[in-house]
Amino acid sequence: MSLSLNEEQMMLQDSARGFLQTKAPVSAFRELRDHPDKDGFNRQLWADMAAQGWAGITIPEQFGGVDFGYTGLGLILEEMGRTLTVSPMVSTVLMGATALNLGGSPAQKTALLPKIATGELIIPLALEETRHHNPEQTSLRATPVDKGYCLNGRKVFVLDAHVADTFIVLARTSEKNANCTGLSLFLVDSDTQGVTVERAHMLDSRNAGAVVFNDVTVSSESVVGEIDEGQELLQSVLDVAQIGLSAELLGISQQVFEMTLSYLKERKQFGVHIGSFQALQHRMAQMFCQIELCKSIVRRALNDLDAGHDNVSIVASAAKAKLCETVRRLTNEAIQLHGGIGMTDEFDLGFYIKRARVAQQTCGDYNYHLDRFARLNGY
Amino acid sequence: MLELDEFRRETRHWLEQNCPAEMRLPIREEDDDCWGGMYPTFKNEAQELWLDRMSERGWTTPAWPRSIGGGGLSKEQSEILHQELVRIKARPALLSFGIWMLGPVLLKYGSEAQKARFLPDIVRGKVRWCQGYSEPGSGSDLASLQTRAEDRGDHYLVNGSKIWTSYGDKADWVFCLVRTDNAAPKHEGISFLLFDMKSPGVTTKPITLISGKSPFSQLFFDDVRVPKENLVGEINRGWEIAKYLLTHEREMIGDMGTQSVSLSELAKEHIGLRNDMLVDPILRTDISRFTIDEMAFSDTLKRAADEAKAGQEMGAVSSMFKYFGTELNMSRFELMLSVTGNYSLGWEGEEFDEGNLPRAWLRSKGNAIEGGTSEIQLNIIAKRVLGLPSE
Ligand SMILES: Cc1cc2nc3c(=O)[nH]c(=O)nc-3n(C[C@H](O)[C@H](O)[C@H](O)COP(=O)(O)OP(=O)(O)OC[C@H]3O[C@@H](n4cnc5c(N)ncnc54)[C@H](O)[C@@H]3O)c2cc1C
């Protein structure tokens, strides 16, 4: 498969860029941050994005989607990284829809995927319990009861928690042993008795929260995939998530790099443009190379997903680690090369470093993925 | 598509039949490489046979036109040939500065007579070339070069000296940058000349490297007469040609970023696992970081090729490839030293493989210098790609 974009993909990229830059530029994000409301995102904008087909970008046509593939989703996420657009795209399209696409029963798909595609349903994964991504150590319990399960425990860092309609909850259904990790995934509506959501305010001004499950009972039909065998499905979903987040980080990296590059051509000190200083030129040139590497590994990872390759876990961790490394360096350097103005809230740069750190942590940071990469490669 | 599949099938079949078994073993020593030349030294019959068979088909230069002995293959076919060679782990039939550097220049700037005279011998490995660019006073600032070529009617008279000339003592011919106009600005008085290293007045002195080997030389030119027909392109317009050649040289050097040594396998062997993890946790991290960069780099080479095919050229890629590919290669050797511990310190003797590893490690330091230093590549990226001002 070619690593260049085809015509359709380039058209999607152009139209996504055009759409986001007119309807959801960074100023819209600033507006949202300065005037927080109960939703924390713009519902009209989300409806417009869904009308573009974005909410159903990876959903098969029979379930109301446009089935454009992961490369398409990646291109949109990349553009959203450039404009810092807040929407349920990550929680619901990248993660929720993927879980149902890959592991949902026909009934679950029929009931839920069309609603995701229209933008009606917000359906995040409720995954994390501790301060570091570590799904295997899940302790939230789901115990069998009459015709279903009863859930008890607490999840944190759940994206879009306070606006979610349904959660896909990772729970422990039996002890870990040599053959299985004893994990399962459950669909839980947010208005089910016993579910409480605590909204959290994160540094990127986006939506996340903690969700408490207190004797929450769900039916057997709520299980996504096989009981006790949720680990494999979860890993496939997380591979997609990591690649999608890498695409978003790529957008952030490029935007921050371009902002810095223009500043170096504008700002004068000692009577010359600061971009003429070789100490700064070399740092920019090195970062340019890093971005080119990042573009390639993200493109390749998306390609592998679309081609259905079976080694995506390795590539997914490689991409996430590479992007985490690069975006950390780029955002830090960007502030340094802007001098004092880079530190001001009035300037947009701060938004990017904040969003980057959250996306870096989501579904495993640099260290997690370097370690996973080594493990998957047998060392 | 069908035609390409057919081509792959035939190529695979031909390679199975024609690539000698010895030529599929890993390269261990310098004389495993075949450089051809007028007085070639072949390590064994297989090496000679492999060169003959490959060059017979023009497959030492798969994409060059058939008219001058090349393979006449399309980009897609060349890629298939490359993949099939990799598949059977075939050694390159011929290493050659003629193929990597001079050939592309002659194809673009050479006269028909020059193409007919020089290219077929490059394809067949009959003439070995060296690169006369750097001088004692002109390295990074190459355009300040001082070797003079004076117009003497029917010939040029060349005087001066070149340094760091790789394999200068083994080469049959040299492609050489010379000053043909002293009065003009430095970039506008340079010409590109070809001459025979056996010409009267040419002497060479080998220079030993820190690796203990002596693959490069200083060249001295003392009233060397070069026929006028050996000028490539126009007089005083050699700088453009020089730069064009450098882009090819840089891509070639950058390619070493993709050599396939599995560091994790090597580490498992030399260091071992505990609880399925390398016993040295820091090395484990370093190897992962390196391997991910290596993946991203080879994806970038592939993306650049795919985008070029689709008409979406990246631009100034050769500097990026040169810079990053050589950084990777140097890191690879540093990691190999860490992995192999005190074994990597052995310099002589069979038990240390005659010091091949530390010698190669030392040689790799030159990667960031030869073909234009890393700093020069970063300057080029900053100015040409990023458009940062000089002031
Ligand atoms: C293994 C090897 C093989 C070679 N083979 C050949 C060959 O076959 N033919 C040939 O012609 N040449 C060959 N060379 C020479 C090579 O091209 C030069 O060494 C190289 O261009 C650097 O020139 P220099 O050695 O004079 O270093 P200098 O130019 O003196 O550089 C010294 C240091 O200053 C830095 N520097 C210089 N200018 C700048 C600048 N503007 N900005 C920032 N930093 C700068 C350099 O990056 C370097 O770190 C070879 C070199 C090596 C190491």
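As the structure is a computational prediction, the values presented were derived from the model and not from experiment.

A. Seen up close, the overall build of chain A. Within chain A, the secondary structure is distributed over 11 helices and 10 strands. Computed over C-alpha atoms, the radius of gyration of chain A comes to 21 Å, within 12% of the 21 Å expected from 2.2 N^0.38 for 379 residues, which places it in the range of a compact globule. With respect to the three principal axes, the spread of C-alpha positions in chain A is 80 × 50 × 40 Å. When the 379 residues of chain A are sorted by exposure, 61% land in the buried category. In chain A, the proportion of contacts linking residues at least 24 apart, taken out of those at least 6 apart, comes to 75%.

B. Highlighting the site of the ligand. Every one of the 18 residues lining the ligand counts as a neighbour, but Ser134, Ser140, Trp164, Thr373 and Glu375 of chain B are closest to it. The site occupied by the ligand is bordered by residues of chains A and B. One nitrogen or oxygen atom from the main chain of serine 134 of chain B is found 2.7 Å from an oxygen atom belonging to the ligand. For the ligand, the accessible surface in isolation is 970 Å², of which the surrounding protein chains cover 68%. Elements that contribute at least two residues to the shell around the ligand include exactly β3 (155-166) and α11 (374-385) of chain B. Viewed by domain, the shell around the ligand spans two of them, domain 2 (129-236) and domain 3 (240-385) of chain B, each represented by three or more residues.

C. Summary view of the nonpolar core. Counting residues in hydrophobic clusters, the biggest one holds 140 residues, and the most contacted among them are Trp54, Met89, Phe257 and Met284 of chain A. At 18 residues, helix α7 (residues 230-266) of chain A tops the list of elements feeding residues into this core.

D. Layout of the interface of chain B and chain A. Contacts between the two partners involve 42 residues from chain B and, on the opposite side, 44 residues from chain A. Overall, the association of chain B and chain A removes approximately 3,600 Å² of surface from exposure, summing both partners, and the carbon and sulfur fraction of that is 64%. Looking at the side of chain B facing chain A, the largest losses of area belong to Ile292, Arg303 and Leu386 of chain B, adding up to 17% of the total buried there. Here arginine 284 of chain B makes a salt bridge to aspartate 371 of chain A, at a shortest N to O gap of 2.8 Å. Taken together, the connections running from chain B to chain A amount to 21 residue pairs in polar contact (both at pLDDT 80 or more). At the level of secondary structure, the elements contributing two or more residues to the side of chain B that touches chain A comprise α7 (263-270), β10 (277-278), α8 (281-309), α9 (317-340) and α11 of chain B. Looking at the side of chain B that touches chain A, the element that brings in the most residues is α8 of chain B, giving 17 residues. Class assignment of the residues belonging to the side of chain B that touches chain A gives a composition of 20 nonpolar, nine polar and 13 charged.

E. The layout of surface pockets, seen in detail. In this model, the second largest pocket occupies a volume close to 470 Å³. Grouping the constituent residues of the lining of the second largest pocket by class yields 11 nonpolar, four polar and 10 charged.

F. Summary view of empty space enclosed by the protein. Residues and elements named next belong to chain A. What the rule picks out here adds up to four cavities of 30 Å³ or more. There is about 170 Å³ of room inside the largest cavity. In terms of lining residues, the largest cavity is bounded by 15 residues, among which Leu159, Asp160, Arg206, Asn207 and Arg355 are the most central. Those elements that place two or more of their residues in the lining of the largest cavity are α5 (89-103), β3 (148-159), β7 (207-219) and α10 (349-361). Per-class residue counts for the lining of the largest cavity are seven nonpolar, four polar and four charged. Its boundaries defined by the atoms lining it, the second largest cavity holds a volume of some 60 Å³. Met95, Leu125, Leu127, Glu128, Phe157, Val158, Leu159, Thr362 and Cys363 are the residues that line the second largest cavity. At three residues, β3 tops the list of elements feeding residues into the lining of the second largest cavity. Of the residues in the lining of the second largest cavity, the class split is seven nonpolar, one polar and one charged.

G. Summary view of the pairing of β3 of chain A. Residue and element names in this part refer to chain A. Here five bridges tie strand β2 (residues 141-145) to β3, and the two strands are oriented antiparallel to one another. Bridge assignment links alanine 142 to a residue of β3, and that residue is leucine 151. What sits between the antiparallel neighbours β2 and β3 is a turn of two residues, in which lysine 147 has the positive phi angle 55°. Note that β3 and β7 share nine bridges and pair antiparallel. Along β7, the bridge assignment pairs valine 158 with glycine 209.

Cut-offs and rules
Residues numbered from 1 in each chain as written. Chains lettered and ligands numbered in written order. Predicted model: local features only at pLDDT ≥ 70, side-chain atom pairs only at ≥ 80, totals over all residues. Heavy atoms only, no water. Helix = DSSP H or I, 4+ residues; strand = E, 2+ residues; numbered from the N terminus. Rg over C-alpha atoms; globule rule 2.2 N^0.38 Å. Buried < 20%, exposed > 50% of the residue type's maximum accessible area, 1.4 Å probe, protein only. Contact = heavy atoms within 4.5 Å. Near = heavy atom within 4 Å. Polar contact = N/O pair within 3.5 Å; in protein donor to acceptor, adjacent residues only side chain to side chain. Areas by Shrake-Rupley, 256 points an atom, 1.4 Å probe, with all protein chains shown as cover. Domains from an automatic or database assignment. Core = buried A, V, L, I, M, F, W, Y, C linked by side-chain atoms within 4.5 Å. Buried area = accessible area lost by both parts, 1.4 Å probe. Salt bridge = Lys/Arg side-chain N within 4 Å of Asp/Glu carboxyl O. Nonpolar A, V, L, I, M, F, W, Y, C, P; charged D, E, K, R; others polar. 1 Å grid on protein atoms, 1.4 Å probe; cavity = no way out; pocket = protein on both sides within 12 Å on 5 of 7 lines; lining within 4 Å. Points joined across faces, edges and corners; volume = space filled by probe spheres on them. Pairing = 2+ DSSP bridges.

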